[in-house]
Amino acid sequence: MSELDLILNRKKTEQKVEASEQKVESRQETSKSTTQKLAETKTSETQEKVNENDASKSPREDLEEVKSSPNSNSEVKVDNIKGIMKKFIDRDPKIGIWSYPSFLVLQYLYHTVPGFKMSKIAKDALERGLREIYPDLFRIAEEVTLESKKS
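Along each chain, numbering runs from 1 in the same order as the chain's sequence is written. Local features in a predicted model are, by the rule used here, given only for residues with pLDDT of at least 70; side-chain atom pairs are given and counted only at 80 or more, and totals for whole chains, interfaces and linings are based on all residues. Values reported for side chains reflect all heavy atoms of the structure, with hydrogen atoms and water molecules removed beforehand.

Student: Would you mind showing me how to read the overall build of the protein here?
Tutor: A tally of helices and strands in the protein yields six helices and zero strands. Helix numbering and strand numbering both begin at the N terminus, where a helix is a DSSP run of H or I of at least 4 residues and a strand a DSSP run of E of at least 2. The N-to-C order of helical and strand elements in the protein reads α-α-α-α-α-α. For every residue, the accessible area obtained with a 1.4 Å probe (protein chains only) is divided by the maximum for its type, and the residue is called buried under 20%, exposed over 50%, and partly exposed between those limits. When the 151 residues of the protein are sorted by exposure, 7% land in the buried category. Here, residues are in contact when the closest pair of their heavy atoms is within 4.5 Å. Taking contacts inside the protein between residues at least 6 apart in sequence as the whole, the part at least 24 apart equals 51%. Surface exposure here means Shrake-Rupley accessible area, sampled with a 1.4 Å probe, where a residue is shielded only by the protein chains that are shown. Here the protein displays about 13400 Å² of accessible surface, and carbon together with sulfur accounts for 56% of that area.

Student: Please clarify how the layout of surface pockets should be interpreted in this entry.
Tutor: Rolled over the atoms, a probe as big as a water molecule pinpoints where empty space is left. A pocket here means an open set of points on a 1 Å grid, computed over the protein atoms alone, that has protein on both sides within 12 Å along at least five of seven lines. A cavity is instead a set of points where a 1.4 Å probe fits but cannot get out; residues with an atom within 4 Å of a point line either one. Grid points are joined across faces, edges and corners, and a volume is the space filled by probe spheres set on the points. A volume near 1600 Å³ is recorded for the largest pocket. What lines the largest pocket is a set of 34 residues, and nearest its centre among them are Pro93, Ile95, Leu126, Glu127 and Leu130. Of all elements in the fold, only helix H3 (74-88), helix H4 (100-112), helix H5 (118-133) and helix H6 (135-150) reach the threshold of two or more residues within the lining of the largest pocket. Per-class residue counts for the lining of the largest pocket are 21 nonpolar, six polar and seven charged. By the convention adopted, Pro, Cys, Tyr, Trp, Phe, Met, Ile, Leu, Val and Ala count as nonpolar, Lys, Arg, Asp and Glu as charged, and the other residues, Gly among them, as polar.

Student: Any chance you could explain the packing of aromatic side chains here in plain terms?
Tutor: Where two aromatic rings form a pair, the distance of their centres and the angle of their planes describe that pair. Between rings of Phe, Tyr and Trp, where Trp is taken as its six-membered ring, a pair exists when centres lie within 6.5 Å; planes separated by under 30 degrees are stacked, by over 60 edge-to-face, and by other angles tilted. Using the criterion set out here, one finds one aromatic pair in the structure. When the ring of Trp98 is compared with that of Tyr100, the centres are 6.0 Å apart and the planes differ by 75°; the resulting orientation is edge-to-face. Of the two residues examined, Trp98 and Tyr100, each falls in the exposed class.

Right, dumping it as structure tokens:
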């Protein structure tokens, strides 16, 4: 091979390397722009949700309105409470609690009683307690739940 062939071969190799580097750069730019578009989409969706929530009263404001309304108009009060509860009906109904005694009792039963269902017992205990402590609210919550299941 002559020197000219070596030089030309090197130039061809350098051109191939440059072309592959350009491809890599364009892929990186495409990846960055896609990531930016996704981030912008998520930001705009979040902003839309915030705007929707700002458009109506917050549940806390509704609750304050219910508390301050006169007791003689209990039908309106119940409707307001139902309205507040309906705002939450589409959310995930999972509840987390922090209680070592409850945790220990449930763990003991789970490991010693065959077929023991922790979540069922925790649900039953929570519902029983709330039914005793807040009977009116619990009754309204049951009505809202039944109404939402019919729809």
